[in-house]
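Chain and residue survey
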Amino acid sequence: LKLLSDIMFDVSHAMYAWVQTENEILSEMRTRKESNPNQVAIPKNANSRDNITMETTETKIKELLFDDLALKRIGGFHPSSLLPLALGIRRCRDTGTPWCE
């Protein structure tokens, strides 16, 4: 029970850090767009799936936030791991998409 509790605690903190970092990256991209109008536009209400690939964003965030030990502590970043599943649920909630889709 203690091990499960520790993993859930670590994943919840990883999720919070992920969301904050994702927002910062999108904000930086919008700022660059405003200073350089020749770049691809990123709407102010853009989420991580708009105008940029999820894979590129996820790779960048994963490299910024986690080393191998941190990834191991939260169960990795495989499709069946807790953090990617939690991120998927959050994205579904944010876009109003049913989880089954």
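A brief structural summary. (Residues numbered from 1 in each chain as written. Predicted model: local features only at pLDDT ≥ 70, side-chain atom pairs only at ≥ 80, totals over all residues. Heavy atoms only, no water.)

Quick look at the pattern of salt bridges now. According to the stated counting rule, one finds six salt bridges in the structure shown. A salt bridge links R91 to E22, with the nearest nitrogen and oxygen atoms 3.5 Å apart. Taken together, the residues span a long stretch of sequence, with R91 in helix α4 (residues 82–95) and E22 in helix α1 (residues 2–35) at a distance of 69 residues. Comparing R91 with E22 shows no difference in burial state: the two are buried. (Salt bridge = Lys/Arg side-chain N within 4 Å of Asp/Glu carboxyl O. Helix = DSSP H or I, 4+ residues; strand = E, 2+ residues; numbered from the N terminus. Buried < 20%, exposed > 50% of the residue type's maximum accessible area, 1.4 Å probe, protein only.)

It is the contact of α1 with α4, at a shortest axis distance of 10 Å, that shows an interaxial angle of 50°. The angle between the axes of α1 and α4 places the two elements in the oblique class. Relative to α4, the crossing made by α1 is right-handed. Residue-level contacts link I7, M8, V11, A14, M15, W18, V19 and E22 of α1 to L82, L83, A86, L87, R90 and R91 of α4. By residue class, the composition of the contact of α1 with α4 is eleven nonpolar, no polar and three charged. (Axes fitted to C-alpha atoms, helices over the stretch in contact; angles between N-to-C directions. Parallel < 35°, antiparallel > 145°, perpendicular 65-115°, else oblique. Left-handed = near helix turned anticlockwise from the far one by under 90°. Contact = heavy atoms within 4.5 Å. Nonpolar A, V, L, I, M, F, W, Y, C, P; charged D, E, K, R; others polar.)

So, about α4. Relative to the 20 Å expected for 14 residues at 1.5 Å per residue, α4 spans 20 Å between its end C-alpha atoms, a close match to the ideal helical length. Regarding α4, the residues found buried are L83, P84, L87, G88, R91 and C92. (Expected span 1.5 Å × (residues − 1).)

Next up on the list: the packing of aromatic side chains. Counted according to the given criterion, the structure contains two aromatic pairs. Seen in terms of ring centroids, W18 and F66 are 6.4 Å apart; in terms of plane orientation they differ by 20°. Their pairing is stacked. Within this pair, whereas W18 is found in helix α1, its partner F66 is found in the loop between α2 (54–65) and α3 (68–73), the two being separated by 48 residues in sequence. Assigned by exposure class, W18 and F66 land together as buried. Here the aromatic rings of W18 and F77 are separated by 5.3 Å at their centres, their planes lie at 15°, and the arrangement is stacked. Here W18 is found in helix α1, whereas its partner F77 is found in the loop between α3 and α4, with 59 residues between them in sequence. Relative accessible area serves as the criterion here: at 17%, F77 is assigned to the buried category. Put simply, the rings of W18, F66 and F77 pair up and form one aromatic cluster. (Phe/Tyr/Trp six-rings, centres within 6.5 Å; stacked < 30°, edge-to-face > 60°.)

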